[in-house]
Amino acid sequence: YIDETAAWVLARDEAQRPRLAQVMYCLLESLRIVGLLIQPFMARAPKSIYAQIGLGEEWLARWDDARAWGLYPSGAKVAPGSMIFPRIEMEKSLGELESLARDLL
């Protein structure tokens, strides 16, 4: 969705601001729902996600809200933060695994 909508391109064109707002809202609403759904097996990540998208931890207790679209509050402030899911560098990771495997043999 991010690649298809090219939000960075929309941001450069003042006439596209309404479309950019719609795209960003969809992304934030999706993150709100994903945060709820991953709680059972990724306990810390949802708290970090919610802190960055401007929602308090009390939102994490609203399980029934995972079925609803359009609940992200219009006044919430997005905040920068550290990477929650850092990109995995496949070649580096494979090299480390191969090294560990050699050490074990």
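Residues numbered from 1 in each chain as written. Predicted model: local features only at pLDDT ≥ 70, side-chain atom pairs only at ≥ 80, totals over all residues. Heavy atoms only, no water.

Trainee: Honestly, the layout of surface pockets in this entry has me stumped. Any pointers?
Mentor: Leftover empty space is mapped by rolling, across the atoms, a probe with the size of a water molecule. There is about 310 Å³ of room inside the largest pocket. In this structure, the largest pocket is lined by 13 residues; those nearest its centre are L28, L31, I49, Q52 and I53. Residue assignment for the lining of the largest pocket shows that the elements contributing at least two residues are helix 3 (17-38) and helix 4 (45-52). Each residue belonging to the lining of the largest pocket can be placed in one class, and the counts come to twelve nonpolar, one polar and no charged. (1 Å grid on protein atoms, 1.4 Å probe; cavity = no way out; pocket = protein on both sides within 12 Å on 5 of 7 lines; lining within 4 Å. Points joined across faces, edges and corners; volume = space filled by probe spheres on them. Helix = DSSP H or I, 4+ residues; strand = E, 2+ residues; numbered from the N terminus. Nonpolar A, V, L, I, M, F, W, Y, C, P; charged D, E, K, R; others polar.)

Trainee: What is the right way to read the side chain of R32 from this model?
Mentor: Among the secondary structure elements, R32 is positioned in helix 3. Engagement of the side chain of R32 in a polar contact is seen with the backbone oxygen of D65, the distance being 3.2 Å. Look past the residues within four positions of R32 in its chain and what remains in contact with it is Y50, I53, L55, W59, D65, A68, W69, L71 and Y72. (Polar contact = N/O pair within 3.5 Å; in protein donor to acceptor, adjacent residues only side chain to side chain. Contact = heavy atoms within 4.5 Å.)

Trainee: Any chance you could explain helix 3 here in plain terms?
Mentor: An α-helix turns once every 3.6 residues. As a result, residues three or four positions apart point the same way. Compared with an ideal rise of 1.5 Å per residue, which puts 22 residues at 32 Å, helix 3 spans 31 Å between its outermost C-alpha atoms and is within 8% of the ideal. Residues L20, V23, L27, L28, E29, R32, I33, G35, L36 and I38 constitute the buried set of helix 3. Tucked inside the fold, the buried residues of helix 3 contact helix 1 (2-5), helix 2 (7-12) and helix 4. (Expected span 1.5 Å × (residues − 1). Buried < 20%, exposed > 50% of the residue type's maximum accessible area, 1.4 Å probe, protein only.)

Trainee: Any chance you could explain the packing of aromatic side chains here in plain terms?
Mentor: For any pair of aromatic rings, the description consists of the separation of the ring centres together with the inter-plane angle of the planes. Per the stated rule, a full pass over the model turns up one aromatic pair. Relative to Y72, the ring of Y25 lies with its centre 6.1 Å away and its plane at 75°, an arrangement referred to as edge-to-face. Residue Y25 is found in helix 3, and its partner Y72 is found in the loop between helix 4 and helix 5 (90-104); the two are separated by 47 residues along the sequence. Here the basic side chain of R62 rests over the ring of W59, its NZ or CZ set 4.0 Å away from the ring centre. (Phe/Tyr/Trp six-rings, centres within 6.5 Å; stacked < 30°, edge-to-face > 60°. Lys NZ or Arg CZ within 6 Å of the ring centre and 35° of its normal.)

Trainee: What exactly am I supposed to notice about the environment of R67 here?
Mentor: Along the chain, the position of R67 falls in the loop between helix 4 and helix 5. Between the C-alpha atoms of R67 and E89, which are 22 residues apart in sequence, the distance is 34 Å. Within the structure, the side chain of R67 is placed 3.2 Å from the side chain of D64, a separation counted as a polar contact.

Trainee: What should I look at first to understand the confidence of the model for the chain in this one?
Mentor: Caution applies to low-pLDDT regions: their predicted coordinates should not be interpreted in detail. For the chain, mean pLDDT is 91; residues scoring 70 or higher make up 100% of the total. Here helix 5 stands out as the least confident element of the chain, with mean pLDDT 86; helix 3 is the most confident, with 95. (pLDDT = per-residue confidence, 0-100.)

Trainee: Explanation requested: the environment of G56 in the structure shown.
Mentor: Mapped onto the secondary structure, G56 falls in the loop between helix 4 and helix 5. G56 sits in the partly exposed class, given a relative accessible area of 26%. Put simply, G56 and F41 are 15 residues apart on the chain and 20 Å apart in space, counted from C-alpha to C-alpha.

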